[in-house]
Amino acid sequence: MGVLSSARRVQAVLGPTNTGKTHLAIERMLGHHSGMIGFPLRLLARENYDRIVRLKGARAVALITGEEKILPPNPVYFVCTVESMPLDRPVEFLAVDEIQLCGDPDRGHVFTARLLHARGLSETMFLGADTIRPLIRRLVPEAEIVSRPRFSTLSYTGPRKVTRLPPRSAVVAFAVADVFALAEVMRRQRGGTAVVLGALSPRARNAQVGLFQSGEVDYLVATDAIGMGLNMDVDHVAFARTVKFDGTRPRRLTAPEIAQIAGRAGRHMNSGTFGETADQEPFAPELVEAVENHRFDPLEQLFWRNQRLDFRSPGGLIRSLDERPARAGLVTGREADDVVALRSLARMGDIAALAGNPAAVRLLWEVCQIPDFRKVMSDTHARLLAQIFRHLAGPHERLPTDWVATQVERLDRSDGDIDTLMTRIAHVRTWTYIANRADWLRDAAQWQERARAIEDRLSDALHDRLTQRFVDRRGAFLLRRLAGNDELLAAVTPQGEVMVEGHFVGSLEGFRFAPDQEAGGEAARHLLVAANRVLRGEIARRARRLAAAPDAAFALTPTAMITWDGAPVGRLLPGEGVLAPRVEPLPGDFLDGDLREMVRLRLADFVRDTIERRLAPIFRARAAELSGAARGLVYQLGESLGSLPAAEVASQRAALSAADRASLARLGVRLGTEFVFFDRLLKPDAMALRGLLWSIREDAALPPPLPPPGMLALRRDADAAFYAAIGYAPLGGRALRLDRVERLAAAARRLARQGKFAATPELAAIAAGSIDDLTPVLVGLGYRAVVGDAGVTFVARRRPRPRPPAPVAEDNPFAKLRALRLVR
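Residues numbered from 1 in each chain as written. Predicted model: local features only at pLDDT ≥ 70, side-chain atom pairs only at ≥ 80, totals over all residues. Heavy atoms only, no water.

1. Brief notes about the sheet that holds strand β34 (residues 783-788)
Taken together, three strands build an open sheet; the order of strands is β33-β35-β34 and the sheet is antiparallel. The strands lining the two open edges of the sheet, one partner per strand, are β33 (757-758) and β34. As defined by bridge partners, β33 adjoins strand β35 (residues 791-796) across two bridges and the pair is classed as antiparallel. Among the inter-strand pairings, A758 is bridged to a residue of β35, identified as T793. The strands that helix α26 (residues 738-752) touches are β33, β34 and β35; relative to β34, the one it contacts most, it runs at about 55°. Contacts from helix α28 (residues 771-780) reach β33, β34 and β35 within the one sheet, and its direction differs from that of β34 by about 140°. (Pairing = 2+ DSSP bridges. Helix = DSSP H or I, 4+ residues; strand = E, 2+ residues; numbered from the N terminus. Contact = heavy atoms within 4.5 Å. Axes fitted to C-alpha atoms, helices over the stretch in contact; angles between N-to-C directions.)

See the structure below:
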């Protein structure tokens, strides 16, 4: 395409998003021998620079932004940010993108200056929204205005829950905290999301967009940073917030702003939709109509700042910046950061003294234009600018290399959280801007490369942190696969890990599937759907293996759980008797019907065998050939888990014959003066099972508070009935093992035969305590404590001798049981 013959043609190409305006401008520029185009964002400039380099070669194209300069020896095309356009360089074609930003109160004055003063030698093109049309007609009457229709339609679909948004959706909020909260929801419910914030560096922002564009995630949560310069395959835009802080106050989005953001939905010929999330008020019908039809109130004023500045003194410079526009349709905007910085530095006495000539004032103004990418214009930034100016206005007229190195090196750290990394990136971007001032540093190219390398490392670390926090790669992958019709490959490893398409989705513990704890909400449900494709068959195979497993594969835990190969599969509940607890398989996915009953029967066999083995003396005695009196005593011992106070079975003991006593002795039953018990059931293993069975029957807390193995005596800290059930006698505040009780009682009886007696070390040793501990123990054994001048002595109480039971007829078994007090 040749150069147009009409001299200095000015054209305004206006229309909504997705109208091909930028493509048209680049095509027009490349039809000229030289050209320059200004973009509103650094990342847009870089994206289009790369595009033009592919067409024309790197030697023909320059990139100029505040933070990056690529200048081959003789470039013919210049791709820039609007602020960095080198307007002193004549070019045949000149274009400015997003010219409606003349109406932005912060940056508008820069765009307005380009609208009024920047021209190509042959052709000038302004690209933007139709809202600026009337003011272009007024301020640039020579401009030819061309309207461009949107390639696709944009339709309103109304509110939707954020968890019900369709794939390829962008969710928009404005505060960083809101963006992160929404991203957390999307990670839990939808497998993950990309995150785009204005505070991200271009490299980090592009990496996050790459996640979305590649299909690794189907959702994007962003601020209004997506409204400009990010070409993505978005089908739907959902507004989670419609109020933003504009630098001075919170305000509602205007219809053009909503259209600019919503216009990200639908690219080229693909139509898009927009709406709100369910917690927002629906858009008013008139706003919807305006956005869908791209009809908005025109801009009434453009923001302007005087370009003819007075550099004779700092005060003169400030006054010239404060000038008001003379032309209708132009107004002054908010005080920009560079003016705020200038006022701050001009109040410093040494700065004002150094800025004593026009060259120094011009230098001061250039320093004040160093951006604070944190957007807070803090005192820290003002102090940095003051220090920079002092160095540059000093005798060396350069920034000291050591000082710059110290400032930059402290930023070269990739540790920290997301906020920390974003702050470091903001700082290093400031130094990247400074490094691109070749006249301010020695070896500026080296500092440019170093600052850029640090920014890249920090950007990569930030991208990684955002991805780790907000993307569940496994969940996102499985969601995409589940949405298709392909069969998923799933398996269970020998260790019980459930794998779907090579991704760990949970563990099979016994018969219960435990989804990976890192997944939640919708993702967890989808994991279960994926796992279920393999679990049903695996559960059936496991049930059959359990039914055939030997007893050695099972274990009974102190919490009444039954494990199989270490995994819990069942539990014990109160049953028909203390020695026959009920067995119940634990709930499990797909363990039902015949499979569940198969498991229950095998577990019940194991429990029965375990109780009979560990409490064998009870079952051996119950199976022995005994007389009625002895059999009744053994029955009572079994129901009491192996021990009874002698006083409770005194009449039964009195009914025992010599042969009965011999038989019971052979069976391990000890008929003590204080207790009747099985000696072998005082061992730790039997005691642990006795405690567990008692706790199950009494619905007591588990695990039971068992004493350490081999403990002879201990201070009571549990129910007295519990100690009696495991083979200890609760005596006062202590509990003494039953064999020790019998030894202590025998020793006390020997002393009592001689009359009153005192506690002795021998008695204390038997009781495994101190002499002071003996008083409540001996009182518990029926001795009366007498306090006298010589101390405490003990006197035996007379115990009533038990009467033998009345004779009963041999053929009346119920009368025998009554005599043995087994029935009422």
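2. Observations concerning the packing of helix α5 (residues 176-190) against helix α16 (residues 444-470)
Taken N-terminus to C-terminus, the directions of α5 and α16 make an angle of 55°; their axes are 9 Å apart at the nearest point. One way to sum up the angle between α5 and α16 is to call them oblique. Of the residues in α16, those touching α5 at F180, A183, E184 and R187 are L466, R469 and F470. For the contact of α5 with α16, a count of residues per class yields four nonpolar, no polar and three charged. (Parallel < 35°, antiparallel > 145°, perpendicular 65-115°, else oblique. Nonpolar A, V, L, I, M, F, W, Y, C, P; charged D, E, K, R; others polar.)

3. A look at the environment of R784
Inspection of the secondary structure puts R784 in strand β34. Between the C-alpha atom of R784 and that of Y723, which follows or precedes it by 61 residues, the distance is 24 Å. Excluding its chain neighbours within four sequence positions, the residues that come into contact with R784 are T793, F794, V795 and R797.

4. Some thoughts on the state of the cysteines
Taken as a whole and assessed by the stated rule, the structure comprises zero disulfides. Not part of a disulfide, C102 finds its nearest cysteine sulfur in C80, a span of 17 Å. C102 gets classed as buried once you look at its relative accessible area, which sits at 0%. (Disulfide = S-S within 2.5 Å. Buried < 20%, exposed > 50% of the residue type's maximum accessible area, 1.4 Å probe, protein only.)

5. What to know about the pairing of strand β10 (residues 169-172)
Judged by which residues are buried, β10 turns out to be covered on both faces: S169 and V171 on one side and A170 and V172 on the other are all buried. Pairing of β10 with strand β12 (residues 219-222) involves four bridges; the strand directions are parallel. Bridge pairing in β12 places V171 opposite V221. Inspection of the sheet shows β10 paired to strand β13 (residues 236-239) by four bridges, in the parallel sense. Following the sheet pairing, A170 is matched in β13 by V237.

6. Some remarks on the packing of aromatic side chains
All chains considered together, the criterion is met by 12 aromatic pairs. Here the aromatic rings of F511 and W564 are separated by 6.1 Å at their centres, their planes lie at 15°, and the arrangement is stacked. Of this pair, F511 sits in the loop between β21 (503-509) and β22 (512-515) while W564 sits in strand β24 (residues 561-564), and the two are 53 residues apart along the sequence. Both residues of the pair, F511 and W564, belong to the buried class. (Phe/Tyr/Trp six-rings, centres within 6.5 Å; stacked < 30°, edge-to-face > 60°.)

7. Concerning the nonpolar core
Judged by nonpolar contacts, the single largest core of 67 residues is most densely connected at V498, F511 and L615. When neighbours within four sequence positions are excluded, V498 is seen to be in contact with A491, V492, H503, F504, V505, G506, S507, L508, F513, A531, V534 and L535. Counting residues in hydrophobic clusters, the runner-up holds 66 residues, among them M186, Y219, A355 and A444. (Core = buried A, V, L, I, M, F, W, Y, C linked by side-chain atoms within 4.5 Å.)

8. As for helix α9 (residues 314-321)
Burial within α9 is extensive, with six of its eight residues counted as buried. Next to the buried residues of α9 lie α10 (337-346) and α12 (358-368).

9. A look at the pattern of salt bridges
Using the criterion set out here, one finds 49 salt bridges in the structure. A salt bridge links D338 to R305; the shortest N-O distance between them is 3.0 Å. Of this pair, D338 sits in helix α10 while R305 sits in the loop between β17 (302-304) and α9, and the two are 33 residues apart along the sequence. The pair formed by D338 and R305 is uniform in burial state, with each residue classed as buried. Note that R670 and D679 form a salt bridge whose closest N and O atoms lie 3.9 Å from each other. The exposure class of D679 is partly exposed, given its relative accessible area of 37%. Linked by salt bridges that have partners in common, R42, E67, R429 and E455 make up one network. (Salt bridge = Lys/Arg side-chain N within 4 Å of Asp/Glu carboxyl O.)

10. Considerations on unusual backbone geometry
Leave glycine aside and you will find that most residues have negative phi; peptide bonds, for their part, are mostly trans. Note the cis peptide between L702 and P703, where omega equals -5°. Locating P703 in the fold gives a position in the loop between α24 (684-698) and β30 (713-715). In this structure, H294 is a non-glycine residue whose phi angle is positive, near 55°. You can see H294 is positioned in the loop between α8 (285-293) and β17. Positive phi values are uncommon outside glycine, yet D443 reaches one of about 55°.

On their own, these measurements won't tell you what the molecule is for.
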